Amino acid sequence: WGSVFAADGDVSAQEVGKTPGIVRVWISKVRWEGLEMLDTAAVGRGSYLREGVELSDSLVDLELGRIDSLCFSAGLLGVRAAVDTTMKGEAVEITMLISEGGPAVIGAVTISGSEVIPKAELVEKLGAGEGTPFDPVALEISMTALLSELNRSGYPYAQVWMTGFEYNALTDKVDLTFAVYGGEESVVEAVVFDGLTKTDTSLALRTSRLNTGEGFDEEKLARAPLYLSASGLFSGVGQPEIRRLGPGRIDVRIPVEETSRGNSIQGIFGFAKKEDEGYVTNGSIDIALRNIGGSGRDVDFRWLDDGLSYRTLNFRYSEDFFFGLPTGLDAEMRQDVYDTLYDYTLVGFDMRMSTSPGSELLAGYTWDNNVPRSDSSFDRSVRHRFRAGARAAWPGRARLALSVEGALRREYGGDGTGTDSQLLYSFEGDAEIPAFQGQSVYMRLVSNGVFSKYAVRPAETYPLGGARSLRGYRENQFRGEKVAWGNFEYRFGRESRIFLFYDAGVYYREDTGWQVLDGLGFGLMSSSKLGTVALSFGMGERIALDGMLIHISLIENF
């Protein structure tokens, strides 16, 4: 690159280790002189010439090559370097004398190839105008960006090369020659998903966000596997391949592996000791049907009984492309029965729009109706809730979900009709962090709440306790206007594992204020092709074996 290197001093690198009778020489000290534009400490950190290293001609050659690369990357093409050696006893001191010269600038620029983009515009995009400082790193970034732009514009076979480089040491100018070939502009004629057996091809195509009949777009192609992986339809997605079908025609092939046995039925049962020394059982059943008929539609059904007075029934329907549009739909129906207080009914829906692979925005509406039991002193109430929120997921690492609702509440009683406004929120996040080999730390945080000018009815409060929140307590043992809880687990193993856990939670009611709860315990999970069995043993109010609550979860995949 126009650099000139020389060695001088008491000991020549060519002599060391080659002349018979010469004793091996070790480096005792290295000094750097002449550096002005380059940082001396940064240059010295990666040096091959270090204290205690045996001096040899090959080592000096390596060091001079390294200096040449450093100077070239900094745009210093007229650099000169000399190696001065001085014997100090049986060791040698080395002085590296560097003359950096001045920063090189770009001289004449020649561009050959197909006329996809006008030459003047290409020079601007490459940042290679005459008189511009020569910066190899910036040039590489500009060439990569230009290639990506051509790919996005429908040229999958585009090429961008630097084919000529000539440095004039007298003027410190670099003449550059580039070759830019767009190739043929291509249209995606077909998208093939290798490995589909159940999922409909049209669903996979919509999920990938690729469209046939459009010009090739490399950026869309790069995002397609991310969208497919985030959908949950596939357990594995390979890298896309492009095949030329003919002039201006290509197809895209993406290997996929569908999620097998994605449906599940889960039963959770709990046993706890009552105050009268007897035992009470509680539990729930969850049925999840995924990708029904290869359509991408999901159905969830849940039944729960706390063993005392509370029961709930919940049905949820979901699909990612409502009427074929790039908008997802979640619909929900729920009924809660509290034996002596109320019947609560809820109907609602959310519309979801994806903003990137793994993240989406949502907006929705919910209607709920609270009807008191005959022996209850509460009045009937109806709420209209309008919701906005967002979700994000990083598969295998973390998830976040947040929503905020504004509610108009009407209460019907003996004194007539009253109107109230409320603000509701919901947050959930979890993450699993790898620790030592085969071990990990799992954390989950959930919070729900309602703010109201007037009293919040029991049907409008949130449950706390049980296998999904505080494992040292019964299912939905507590209720509050605002609740929050966190789960912390240290796991030994992956699919099948043993774990230690600590749960902590708080809830707020106007009559009692804030209440703090916590619990700890241990559990185990065993997974096989047939399903999963999980047991957890939790202690809440008392750290004692006779107060232990046992949760048994059976998950069958099919």
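Residues numbered from 1 in each chain as written. Predicted model: local features only at pLDDT ≥ 70, side-chain atom pairs only at ≥ 80, totals over all residues. Heavy atoms only, no water.

A.B. asks: What is the right way to read the packing of aromatic side chains from this model?
C.D. replies: For any pair of aromatic rings, geometry is given as the distance between the ring centres together with the angle between the planes. Taken as a whole and judged by the stated rule, the model has 15 aromatic pairs. Ring centres 5.0 Å apart and planes at 20 degrees place the aromatic pair phenylalanine 522 and phenylalanine 537 in the stacked group. Of this pair, phenylalanine 522 sits in strand β27 (residues 513-527) while phenylalanine 537 is found in strand β28 (residues 531-539), placing the two residues 15 residues apart along the sequence. On the basis of relative accessibility, which here comes to 39%, the residue phenylalanine 522 falls in the partly exposed class. What makes phenylalanine 537 buried here is its relative accessible area of 17%. Cation over ring: arginine 471 sits above phenylalanine 501, and NZ or CZ is 3.9 Å from the ring centre. Against the face of tyrosine 442 rests arginine 491, its NZ or CZ located 4.2 Å from the ring centre. (Phe/Tyr/Trp six-rings, centres within 6.5 Å; stacked < 30°, edge-to-face > 60°. Helix = DSSP H or I, 4+ residues; strand = E, 2+ residues; numbered from the N terminus. Buried < 20%, exposed > 50% of the residue type's maximum accessible area, 1.4 Å probe, protein only. Lys NZ or Arg CZ within 6 Å of the ring centre and 35° of its normal.)

A.B. asks: Quick question: what am I supposed to make of the pairing of strand β19 (residues 380-394) here?
C.D. replies: Within a regular strand, the side chains alternate between the two sheet faces. In the sheet, strand β18 (residues 359-372) pairs with β19 via 12 bridges, with the strands oriented antiparallel. Within β19, the position partnered with serine 359 by the bridge is alanine 392. Bridge analysis of β19 against strand β20 (residues 398-413) gives 15 bridges, and the strand direction is antiparallel. Across the sheet, arginine 391 pairs through a bridge with alanine 401, a residue of β20. (Pairing = 2+ DSSP bridges.)

A.B. asks: Is there a simple way to think about helix α4 (residues 136-152) in this case?
C.D. replies: Residues spaced three or four apart along an α-helix point in a common direction, a consequence of the helix completing one turn every 3.6 residues. Here α4 contains 17 residues, and its C-alpha end-to-end distance of 24 Å stays within 8% of the 24 Å for a straight helix at 1.5 Å per residue. Of the positions making up α4, those classed as buried are Pro136, Leu139, Ser142, Met143, Leu146, Leu150 and Asn151. At the N-terminal end of α4, a side-chain oxygen is found 3.1 Å from the backbone nitrogen of valine 137, two or three residues along, and the residue is aspartate 135. Immediately beyond the C-terminal end of α4, within one or two residues, lies glycine 154, with a positive phi of roughly 100 degrees. (Expected span 1.5 Å × (residues − 1). Polar contact = N/O pair within 3.5 Å; in protein donor to acceptor, adjacent residues only side chain to side chain.)

A.B. asks: Which parts of the structure should I look at to understand the packing of helix α5 (residues 201-208) against helix α6 (residues 218-230)?
C.D. replies: The relative placement of two packed helices comes down to the angle between their axes together with the axis-to-axis distance. Put simply, α5 and α6 touch, their axes get as near as 8 Å, and they point 120 degrees apart. Packed against α5, whose contacting residues are Ala204, Thr207 and Ser208, the element α6 presents Ala224, Tyr227 and Leu228 at the interface. Here the residues of the contact of α5 with α6 sort into four nonpolar, two polar and no charged. (Axes fitted to C-alpha atoms, helices over the stretch in contact; angles between N-to-C directions. Contact = heavy atoms within 4.5 Å. Nonpolar A, V, L, I, M, F, W, Y, C, P; charged D, E, K, R; others polar.)

A.B. asks: How should I be thinking about the nonpolar core in this particular structure?
C.D. replies: The nonpolar side chains of a soluble globular protein tend to be buried with one another. Formed by 24 residues in total, the largest nonpolar core has its most connected members in Ile111, Phe134, Leu146, Leu150 and Phe178. If you list the elements that add at least two residues to this core, you get β5 (105-113), α3 (119-126), α4, β6 (159-168) and β7 (173-181). Contact partners of isoleucine 111, with chain neighbours within four places excluded, come to Lys119, Leu122, Val123, Leu126, Phe178 and Val180. Judged by nonpolar contacts, the second largest core, of 21 residues, contains Leu55, Cys71, Val83 and Val92. (Core = buried A, V, L, I, M, F, W, Y, C linked by side-chain atoms within 4.5 Å.)

A.B. asks: What is the right way to look at the pattern of salt bridges in this model?
C.D. replies: A side chain of one charge can pair with a side chain of the opposite charge if their charged atoms are brought near each other. Using the criterion set out here, one finds 38 salt bridges in the structure. Salt-bridge contacts for arginine 66 lead to glutamate 63; the nearest nitrogen and oxygen are separated by 2.8 Å. Highlighted residues: arginine 66 and glutamate 63, both in helix α2 (residues 57-73), separated by three residues, approximately one helical turn. Given the relative accessible area of 15%, arginine 66 is considered buried. Here glutamate 63 falls in the buried class, since its relative accessible area comes to 1%. The shortest N-O distance in the salt bridge between glutamate 149 and lysine 125 comes to 3.2 Å. Highlighted residues: glutamate 149 in helix α4 and lysine 125 in helix α3, separated in sequence by 24 residues. A relative accessible area of 25% means that glutamate 149 is categorised as partly exposed. Take lysine 125: its relative accessible area is 29%, and that puts it in the partly exposed class. (Salt bridge = Lys/Arg side-chain N within 4 Å of Asp/Glu carboxyl O.)

A.B. asks: So what exactly am I meant to see when it comes to the packing of α3 against α4 here?
C.D. replies: Running from N to C, α3 and α4 point in directions that differ by 130 degrees, and their axes come no closer than 8 Å. Considering the angle they form, α3 stands oblique to α4. Facing Leu122, Lys125 and Leu126 of α3, the residues of α4 in contact are Leu139, Ser142, Met143, Leu146 and Glu149. A class-by-class count of the residues in the contact of α3 with α4 yields five nonpolar, one polar and two charged. (Parallel < 35°, antiparallel > 145°, perpendicular 65-115°, else oblique.)

A.B. asks: Can you walk me through the pairing of β18 in this structure?
C.D. replies: Sheet analysis places strand β17 (residues 342-356) next to β18, joined by 14 bridges and oriented antiparallel. What sits directly across from tyrosine 342, in β18, is proline 372. A loop of two residues connects β17 with β18, the two strands running antiparallel in sequence, and glycine 358 in this loop sits at a positive phi of about 90 degrees.

A.B. asks: Explain the sheet that holds β5 to me, please; I cannot follow it from the model alone.
C.D. replies: Whether parallel or antiparallel, the strands of a sheet pair through hydrogen bonds between backbone atoms. With respect to topology, three strands assemble into an open sheet ordered β5-β7-β6, the strand pairing being mixed. Two strands bound the open sheet, and with one partner strand each, they are β5 and β6. Neighbour-to-neighbour, the strand axes of the sheet open up by a mean angle of 20 degrees, direction not taken into account. With nine bridges connecting them, β6 and β7 associate as antiparallel partners. Paired with asparagine 168 across the two strands is lysine 173, which belongs to β7. Sitting on the sheet, α3 is in contact with β5 and β7, with an inclination near 130 degrees to β5.

A.B. asks: Can you help me understand the side chain of serine 284 in this one?
C.D. replies: For serine 284, the position within the fold is in strand β13 (residues 279-292). A relative accessible area of 0% places serine 284 in the buried class. One polar contact links serine 284 to arginine 468, side chain to side chain, over a distance of 3.3 Å. Excluding residues that lie within four positions of it along the chain, serine 284 makes contacts with Gln266, Gly267, Ile268, Trp303, Leu304 and Arg468.

A.B. asks: Help me out: how do you make sense of the environment of glycine 324 in this one?
C.D. replies: Within the element layout of this structure, glycine 324 appears in the loop between β15 (310-319) and β16 (328-338). The sequence separation of glycine 324 and arginine 206 amounts to 118 residues, and the corresponding C-alpha distance is 8.3 Å.

A.B. asks: Explanation requested: a nonpolar patch on the surface in the structure shown.
C.D. replies: A contiguous nonpolar patch, built from Phe301, Trp303, Leu313, Phe315, Met333 and Val347 and spanning about 490 Å² of accessible area, is present on the exposed surface. Among the elements of the structure, β14 (297-305) and β15 are those that each provide at least two residues to the nonpolar patch. Tracing the backbone through its elements, the reader meets leucine 313 in strand β15. The exposure class assigned to leucine 313 is partly exposed, which follows from its relative accessible area of 41%. (Patch = residues over 30% accessible without salt bridge, like charges linked within 9 Å, V, L, I, M, F, W, Y side chains within 5 Å. Areas by Shrake-Rupley, 256 points an atom, 1.4 Å probe, with all protein chains shown as cover.)

A.B. asks: Which parts of the structure should I look at to understand the side chain of glutamate 489?
C.D. replies: Assignment of secondary structure puts glutamate 489 in strand β25 (residues 482-493). Overall, glutamate 489 belongs to the buried group, its relative accessible area being 7%. At 2.8 Å, the side chain of glutamate 489 and the side chain of arginine 491 are in polar contact. Leave out the neighbours within four places in its chain, and glutamate 489 touches Ser440, Val441, Tyr442, Arg471, Phe499, Leu500 and Phe501.

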